[in-house]
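# Breakdown of the fold
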Amino acid sequence: MDQLVERQLALLEANGGDTLAVARAPGIAQERTDPEYQAAAQRIRDYVRSTCT
């Protein structure tokens, strides 16, 4: 998950914050559908929801 997040952040930085650059990036959308990524992302959302509210 860390590698994917790093790639997304690098794309955002290289494209002046253009979120569509991330959406257009080959492979990122596919990686985001990976079950392990989805599970990790859900754990992060759950943690943030329970800790930051």
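Quick caveat, the model's predicted, so the values are computed rather than measured.

### Let's talk about the overall build of the protein chain
From N to C terminus, the protein chain includes 4 helices and 0 strands. For the protein chain, the α and β elements follow one another from N to C terminus as α-α-α-α. The dimensions of the protein chain, computed from C-alpha atoms along their principal axes, are 35 × 25 × 15 Å. Out of the 53 residues in the protein chain, the part that is buried amounts to 17%. Expressed as a percentage of contacts within the protein chain between residues at least 6 apart in sequence, the contacts between residues at least 24 apart total 37%. For the protein chain, the accessible area works out to roughly 4200 Å², and carbon and sulfur atoms hold 55% of it. Separation of charge centres in the protein chain, based on 6 positive and 8 negative side chains, amounts to 6 Å.

### A short note on the pattern of salt bridges
Side-chain pairs of opposite charge can arise whenever the charged atoms involved come near each other. Per the counting criterion, the structure on display carries 3 salt bridges. Where glutamate 31 meets arginine 7, a salt bridge forms, and the shortest distance between an N and an O atom there is 2.5 Å. Here glutamate 31 is found in helix α3 (residues 28-32), whereas its partner arginine 7 is found in helix α1 (residues 2-14), with 24 residues between them in sequence. With relative accessibility at 33%, the residue glutamate 31 sits in the partly exposed group. Notably, a salt bridge pairs arginine 24 with aspartate 18, separated by 3.4 Å at the nearest N-O pair. Arginine 24 sits in the exposed class, given a relative accessible area of 56%. The class of aspartate 18 is partly exposed, set by a relative accessible area of 28%.

### Overview of α1
The first and last C-alpha atoms of α1 sit 18 Å apart over 13 residues, in line with the 18 Å expected at 1.5 Å per residue. Just past α1, the residue glycine 16 takes up positive phi, approximately 60°.

Here is what the cut-offs are and how they apply
- Residues numbered from 1 in each chain as written.
- Predicted model: local features only at pLDDT ≥ 70, side-chain atom pairs only at ≥ 80, totals over all residues.
- Heavy atoms only, no water.
- Helix = DSSP H or I, 4+ residues; strand = E, 2+ residues; numbered from the N terminus.
- Buried < 20%, exposed > 50% of the residue type's maximum accessible area, 1.4 Å probe, protein only.
- Contact = heavy atoms within 4.5 Å.
- Areas by Shrake-Rupley, 256 points an atom, 1.4 Å probe, with all protein chains shown as cover.
- Lys, Arg positive; Asp, Glu negative; His and termini not counted.
- Charge placed at Lys NZ, Arg CZ, Asp CG, Glu CD.
- Salt bridge = Lys/Arg side-chain N within 4 Å of Asp/Glu carboxyl O.
- Expected span 1.5 Å × (residues − 1).

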